Amino acid sequence: MRNGIHPSYGPVVFRDRAAGHAFLTRSTLAAVPTDKTIEWEDGNTYPVVDVEISNVSHPFYTGTARVLDTAGRVERFERRYGKKG
């Protein structure tokens, strides 16, 4: 790798606000200045990135996915734009 062209890579805590879940990982977002920090379980302080959805709160992983009424959508499309022929 060339020196001086890559962003710094360091530890960051990602926090899912909807589920109250947080996890520590490494990211290039550590280079972005932020005023939000959190004291982690190991006693160190890390920058925090708040996310809306993670694997804990995502409908695909939790089994709470909604089923869309596709037949109703087709009928609404035909009613709105008219059936040809």
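Remember, it's a predicted structure, so these values are computed and weren't measured experimentally. (Residues numbered from 1 in each chain as written. Predicted model: local features only at pLDDT ≥ 70, side-chain atom pairs only at ≥ 80, totals over all residues. Heavy atoms only, no water.)

Asker: Mind showing me how you'd approach the packing of aromatic side chains here?
Answerer: For any pair of aromatic rings, the description rests on two quantities: the centre-to-centre distance and the angle between the ring planes. What the rule picks out here adds up to two aromatic pairs. Each ring, one from Phe14 and one from Phe23, has its centre 5.8 Å from the other, and the planes form 25°; the classification is stacked. For Phe23, a relative accessible area of 34% translates into the label partly exposed. Measuring from ring centre to ring centre gives 5.0 Å for Phe77 and Tyr81, while their planes differ by 50°; the resulting arrangement is tilted. (Phe/Tyr/Trp six-rings, centres within 6.5 Å; stacked < 30°, edge-to-face > 60°. Buried < 20%, exposed > 50% of the residue type's maximum accessible area, 1.4 Å probe, protein only.)

Asker: Would you mind showing me how to read the pattern of salt bridges here?
Answerer: Between side chains of opposite charge, a pair can form when the charged atoms approach closely. Per the stated rule, a full pass over the model turns up two salt bridges. Across the pair Arg15 and Asp50 runs a salt bridge, and its minimum N-O distance is 2.8 Å. With Arg15 in strand β1 (residues 10-16) and Asp50 in strand β4 (residues 45-51), this residue pair connects regions lying 35 residues apart in the sequence. A relative accessible area of 21% means that Arg15 is categorised as partly exposed. The salt bridge partner of Lys36 is Asp50, with a shortest N-O separation of 3.0 Å. Taken as a pair, Lys36 in the loop between β2 (21-27) and β3 (37-39) and Asp50 in strand β4 lie far apart in primary sequence, 14 residues in all. Under the relative-accessibility criterion, Lys36 is labelled partly exposed at 38%. Taken together, the salt bridges that share partners define one network made up of Arg15, Lys36 and Asp50. (Salt bridge = Lys/Arg side-chain N within 4 Å of Asp/Glu carboxyl O. Helix = DSSP H or I, 4+ residues; strand = E, 2+ residues; numbered from the N terminus.)

Asker: Please explain the pairing of β4 as it appears in this structure.
Answerer: Moving residue by residue along a regular strand, the side chains alternate between the two faces of the sheet. Bridge count for β1 against β4 is four bridges, and the pairing is parallel. Note that in β4 the partner of Phe14 across the bridge is Val49. (Pairing = 2+ DSSP bridges.)

Asker: Would you mind showing me how to read the pairing of β1 here?
Answerer: Of all the seven residues making up β1, five are buried; the element is thus mostly covered by neighbouring parts of the structure. Alignment of β1 against β2, held across seven bridges, turns out to be antiparallel. Bridged to Pro11 within β2 is Arg26. What sits between the antiparallel neighbours β1 and β2 is a turn of four residues, in which Gly20 has the positive phi angle 70°.

Asker: How do you make sense of the environment of Ala31 when you look at a structure like this?
Answerer: Summarising the element assignment, Ala31 is placed in the loop between β2 and β3. On the basis of relative accessible area, Ala31 is assigned to the partly exposed category, the value being 39%. The sequence separation of Ala31 and Val12 amounts to 19 residues, and the corresponding C-alpha distance is 9.7 Å.

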